[in-house]
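Descriptive structure summary
One letter stands for each residue in the lines below.
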Amino acid sequence: MTPPKHSAKIERLKKRRQFLAVAQGLSCARGAVLIQDLPRPSTQEPAELSQVSDPIIGLGFTATKRLGNAVVRNRAKRRLREAARLLTPLHAEPGHDYVFVARNGAPNRPWARLLDDVKTALLTLAAGRGDPPRPARPNQSRDGRSGRSKPAPSSSR
RNA sequence: CCAGACGGCCGGGCGGUCGCUUUCGCACUCGUGCGGGAGAGGAAAGUCCGGGCUCCACAGCGAUACGGCGGCGGGCAACACCCGCCGGGGGCGACCCUAGGGAUAGCGCCACAGAGAGUAGACCGCCUUCGCCUCGGCGAAGGUAAGGGUGAAAGGGUGGGGUAAGAGCCCACCGCGGACCUGGCGACAGGGACGGCAUGGCAAGCCCCGCCGGGAGCAAGACCGAAUAGGGACCACGCGCCUGCUUGCAGGUAGGGCCAUCGCUGGCCCGAGGGGUCCGGGUAGGUCGCGAGAACCGCGUCGCAAGGCGCGGUCCAGAGGAAUGAUCGUCGCGUCCGGGUAUACCCGGGCGGCACAGAACCCGGCUUAUAGGCCGUCUGGCCCA
């Protein structure tokens, strides 16, 4: 195992407000997972914030009802939680909040592929190349994103 | 052995590695570490009934409205549940199904077809009389409702007598109603003097009868309670001028602001406050509610059973974006392919094959979903003895 990049404390996001806030940040979809990323709102004074970045990573996990019944949703979130436990010490940015959204295939995608999905998504976000948030009440004009420099999503097979 | 009926049970096993929640013990740098224990279901589901619990409302009784229930007896805290029995229907049978009170309390409805569908009716027919006439029919009047035809249903059925032809017109049996008798706690069953065909179906159309029923729900409810804003009390400081008094308040005024701008006039508003300490309401948030119970497991006993009683033993999830798992190996099962000879069976390999489904305050039920498998009792066949 590679040594962790940092030893940031990990917190769980628990309130609906927190999830809605992170949804305003960058996002990146890879395979069976969509990850949203937002720098943490500073709870300290600006002077204190400037010295060292806030050493906390916030994590949240979501699965919509579209994915399946409660058993399927729980299984998807558990697998994402396990993947996040293994990979966030290596690839996540301290001082950021992440929300892992389960997509189709999250409950039964081969474990190695799911780990790869999470890893590449985290790296893409760390490089600041995620997608901007969708408009709040969208008509979903899908040509609005066509020109963006987004790598083709790895086709799930 | 085959086909089937009913009842009960299980619903992946084992082992690595890494984790989560909680509890106990021990450490210490006091929130972490180490060790031990416990940690989803038969439906946790749907949220359809019945309760516990909490808050709100409420003198008692009756009536009305609304909703629910509806054979009888028993069980239960209670029920729309369960058990046993009765009536009706289905099956060769084991068994299964059954919204099963009232149609002489009243209203309403009975499509289509048909002459007629509920104070019955007469299309084809049948019979009598009369008339005409080509002697076989036609027409008119009347009597009928057996037969045909329509329909889910045609105002009892079958047989006989009777008659011009017929008809409960009369008779027998069946059916129907039924005083009463017998058995049963009862639903009901058996018999039945007598009546003499009057009494069709639908109550899942309205309704009538009997019984039951306050409302909302753990987001119930209780407690703690930050920042900010607002409320109250007290303290000291300050507050142009006038008046009043209950001596810290009220009214007026100088002054200021607004009504697009300027002048005049008019209207409205401000016209003493800020600071400190304390108090109470309340938001975010947090804690409790929260699991020893109509509990579970044995044994005994009563009961056909549901279940009751007695004795002994056990402690059995408590999360909160929501733990109870993730992953790897192996075994088991299923399926596909190839081979051994075709069935049975065996060997090798593949599988992104392994049910329905996740506690959310807690119990008792109901309903619905469910791959595969096990056990028991019974029924109908076939073979052997």
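First, a word on what this report is: a plain description of the structure on this page. (Residues numbered from 1 in each chain as written. Chains lettered and ligands numbered in written order. Predicted model: local features only at pLDDT ≥ 70, side-chain atom pairs only at ≥ 80, totals over all residues. Heavy atoms only, no water.)

**Focus: the protein's contact with RNA strand B**
- Near RNA strand B you find 21 residues, and of these Arg12, Thr62, Arg78, Arg79 and Arg85 are the closest.
- Within the contact set of RNA strand B, a phosphate oxygen lies 3.4 Å away from a backbone nitrogen or oxygen of Ala70.
- Contact between RNA strand B and Arg81: a phosphate oxygen at 3.4 Å from a side-chain N or O atom of the residue.
- Secondary structure elements with two or more residues in the surface near RNA strand B: helix H1 (16-22), strand S4 (56-62), helix H3 (70-91) and helix H4 (111-126).
- Residue contributions to the surface near RNA strand B peak at 9 residues, all from H3.
- For the surface near RNA strand B, the class distribution of residues is 7 nonpolar, 3 polar and 11 charged. (Near = heavy atom within 4 Å. Polar contact = N/O pair within 3.5 Å; in protein donor to acceptor, adjacent residues only side chain to side chain. Helix = DSSP H or I, 4+ residues; strand = E, 2+ residues; numbered from the N terminus. Nonpolar A, V, L, I, M, F, W, Y, C, P; charged D, E, K, R; others polar.)

**Thoughts on the pattern of salt bridges**
- A full pass over the atoms with the stated rule returns 2 salt bridges.
- For Arg85, the salt bridge identified is with Glu82, shortest N-O distance 2.7 Å. Taken as a pair, Arg85 and Glu82 lie in helix H3 at a separation of 3 residues, close to a single helical turn.
- Taking the relative accessible area as the measure of exposure, Arg85 reaches 53% and is therefore exposed. (Salt bridge = Lys/Arg side-chain N within 4 Å of Asp/Glu carboxyl O. Buried < 20%, exposed > 50% of the residue type's maximum accessible area, 1.4 Å probe, protein only.)

**Side note on the nonpolar core**
- Residues Ile35, Leu59, Leu80, Tyr98, Phe100, Ala102 and Val118 are the most contacted members of the largest nonpolar core, which totals 25 residues.
- At the level of elements, strand S3 (33-39), S4, H3, strand S5 (96-102) and H4 are the ones that each hand at least two residues to this core.
- In terms of residues, this core owes the most to one element, H3, which gives 6 residues.
- Apart from the residues within four sequence positions on either side, Ile35 is in contact with Leu26, Ser27, Cys28, Tyr98, Val99, Phe100, Val118, Ala121, Leu122 and Leu125. (Core = buried A, V, L, I, M, F, W, Y, C linked by side-chain atoms within 4.5 Å. Contact = heavy atoms within 4.5 Å.)

**A short note on the pairing of strand S2 (residues 26-30)**
- As judged from the 5 bridges shared by S2 and S3, these two strands associate in the antiparallel manner. Bridging across to S3, Leu26 finds its partner in Asp37.
- Counting the residues between successive antiparallel strands, the hairpin from S2 to S3 contains 2 residues, one of them, Gly31, with a positive phi of roughly 60 degrees. (Pairing = 2+ DSSP bridges.)

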